[in-house]
Amino acid sequence: MILMNKKVNDLISKGLFDQIVKFVGTSQLHFPGNLEFHENAYSSLLPSIFKACSVSPTQFLPIGIQFHAVSIKTGSDLESITSNSLLSMYAKSGQIEYARKVFDTMPVRDIITWNSMIISYIQQGYFVEAIEKFKDMYLLVHEPKKPELVASVLSVCGKTGELRLGRQIHARIVCDGMMTSSPSSVFVSTALVDMYSRCFDVFTALEVFSQMIERNEVSWTAMISGCVTNENFSKSLELFRTMQITEGIEPNRVTLIEVLPACAHFSDVKQGKQIHGYAIRHGFDSESRFEAALLDMYCKCGAATLFHASLVFERSAQKDVGMWSSMIRCYSQNGDTGSGMKLFQQMRMAGTRPNSVTLLAIIDACTFLLSVKHAEVVHGYIVKSGLSLYVFVGNSLIDMYAKCGYVEASRKIFSHEIHTRDYISWSAIIHGYALNGNGREALRLFREMQKTEIEIDGITFLSALSACNHSGLIEEGQELFNSVIQNKSISVTVEHYACYIDILGRSGKLEEACQVLSNMPMKPSAAILSSLVSSCKVHGRLKMAEVLAKWLIDLEPDNAANYTLHSMVSAEMNNWLGVEEIRRGMRSKGLIKSYGYSWIEPDCGAKQRASIF
């Protein structure tokens, strides 16, 4: 037996855990009826065997279960070291229920037992159970000694939004001196920064960060990421510069990935290119996550960086579905829908299966083209791929068909293909009918929505008001607006006032429209004044139109359309000197009125339409 112990320990020292299992298995130690050993022999061997089994659970777990039976028969499972090893084996094997049973049947639990059980819950995603076990450990006066455990629990608090518990742990570790002892202080403080940031308390996260005795690149990365998460993009860029200039700490790959969204938010192409160059010099540019973040940054910076985005995409050796989707959406948002469609075809030929994000980008392209024919092909592909079950995909299809003028298809999707409707679904179909001039059906759907449990928001209310405006339903629009104002059920914005004032102006109720304008709780927008000027012009109230037109120019002095509208009002008043003066003012400012245009989609043929898919 002594020789077997020596052999097992020798294999452990060399890290040859798989050979331990094979050695013990060939010795038939897991059949205790064949050999007689002293119980102390099992006590010294079993922890090593369980540790060896946990290295490759899929291969050696059955042997570990047999040795579990041996430990029960010999009574070795009553010893803490054996039970802790057994619990760790089950936890690493993903058998969390078995680990919990071992934990519950242990007669004595030490701090290692509690640590192992809590870490096991966290690693397997049982966050609620991990927090409950952590609380139980404190109630039984077992204080965590390892900073790794405290950091893991703080991470769980951040993921689950348990800010109150996170603050309690913060207070406890301050009292225990864990914040001042090195090297655990950096580890725990970084976990606190991450926890507060995830719980959207970035002010406290910055306080913890500023009081840290020592900060490394992980700490700076956590703080930069926290600012980005809380949309404090300017602070994240400030920290990124301070990290390098003041502290002299070089950012790592994760730091660059976290700061790129801040560059995208400000369209800071110069900073983004500098990060790109730094990544090339340090060999980060070929990493897939960094390539995806870099591509996303270039795509969000607009048409000026479309070429750079395409270069990053073409040079990437590992194009995942996210990168394909980002590039397709980038083409669609910048008006190059043809390239987006071609890229979608290349994506399918490359064997990459599109997901819902990809198809949303293609739907945007069809909406931009206002092409029913392309829309039908996309719709068919979505149904075949099974992605039509997603409610946000269905909502996009409703909006796409409505903007293409095919509201009947929108209604079919709303009624038959979307099984769970949200407020966006209702808003999309109501807006679709309003956009296509069927205001009464839009109002009927709005009243039907009011009978459901779905809460009506400002977007749905605006869609209903637009329906009244497009269809000339003056009384219905007044009734709807006044009821919302009286009930105060929806926060009324300037867009709602603009739509309502346009309803009154179109119907000739100009005095009432001006009264609403004067009683608005916010400043009127240019859209409100522009629509009211047009209404006054239509109904012959030219003096009022001229006053409002001058107000509009003062509000937007660089908009050529405002001068054109003022010029038209002056022409109606036969004030040709005023017209010439307005035109001279436009020429002196270098303003040119842009011209509108429209197109009709030609029949490109079914084969050509289907070729993009």
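Since this is a predicted model, take the numbers as computed values, not measurements.

Each value, and the rule that gives it
Residues numbered from 1 in each chain as written. Predicted model: local features only at pLDDT ≥ 70, side-chain atom pairs only at ≥ 80, totals over all residues. Heavy atoms only, no water. Helix = DSSP H or I, 4+ residues; strand = E, 2+ residues; numbered from the N terminus. Buried < 20%, exposed > 50% of the residue type's maximum accessible area, 1.4 Å probe, protein only. Core = buried A, V, L, I, M, F, W, Y, C linked by side-chain atoms within 4.5 Å. Domains from an automatic or database assignment. Contact = heavy atoms within 4.5 Å. Salt bridge = Lys/Arg side-chain N within 4 Å of Asp/Glu carboxyl O. UniProt positions renumbered as here; feature names shortened; annotations may be inferred.

Peer 1: I'd like a rundown of unusual backbone geometry, residues and numbers included.
Peer 2: You will see that glutamate 231, though not glycine, has its phi angle at about 60°, which is positive. With respect to the helices, strands and loops of the structure, glutamate 231 is situated in the loop between α13 (217-229) and α14 (233-245). Unlike most non-glycine residues, asparagine 574 shows phi in positive territory, near 60°. By secondary structure assignment, the location of asparagine 574 is in the loop between α33 (560-572) and α34 (576-589). Residue asparagine 574 is classed as exposed on the basis of its relative accessible area of 57%.

Peer 1: How would you explain the environment of lysine 92 if you had to name every residue and give the values?
Peer 2: Looking at the secondary structure, you find lysine 92 in helix α5 (residues 80-92). Placed 28 residues apart in sequence, lysine 92 and serine 120 show a C-alpha to C-alpha distance of 7.5 Å.

Peer 1: Before we move on, can you summarise the nonpolar core with the specific residues and values?
Peer 2: Formed by 169 residues in total, the largest nonpolar core has its most connected members in Ile169 and Met327. Counting contributing residues, this core receives three or more from each of domain 1 (1-108) and domain 2 (515-612). What methionine 327 contacts, discounting residues up to four positions off in sequence, is Leu295, Leu306, Ala309, Ser310, Phe313 and Leu343. Counting residues in each nonpolar core, the second largest holds six residues, with Ile553, Ile582, Met586 and Leu591 among its members.

Peer 1: Summarise the pattern of salt bridges; cite the residues concerned and give the values.
Peer 2: Considering all chains together, one arrives at 16 salt bridges under this definition. In this structure, aspartate 399 and lysine 403 form a salt bridge, with 3.3 Å as the shortest nitrogen-oxygen distance. Taken together, the residues span about one helical turn, with aspartate 399 and lysine 403 both in helix α23 (residues 391-403) at a distance of four residues. Salt bridges sharing partners connect three or more residues here, namely Arg411, Glu441, Arg444 and Glu448.

Peer 1: Which residues make up the side chain of serine 236, and what values do they have?
Peer 2: Turning to its location among the elements, serine 236 is positioned in helix α14. Non-local contacts of serine 236, meaning those with residues more than four positions away in its chain, are made with Ile224, Cys227, Val228, Val259 and Ala262.

Peer 1: Explain the UniProt feature "repeat: PPR" (unreviewed entry) in the chain to me, and be specific about the residues and the numbers.
Peer 2: Sequence positions flagged by UniProt for "repeat: PPR" (unreviewed entry) are, in local numbering, residues 79-109, 110-144, 216-251, 320-354 and 422-456. This span, residues 79-109, is 74% helix and 0% strand, and a straight line between its end C-alpha atoms measures 10 Å. As a span, residues 422-456 carries 71% helix and 0% strand, and end to end its C-alpha atoms are 10 Å apart.

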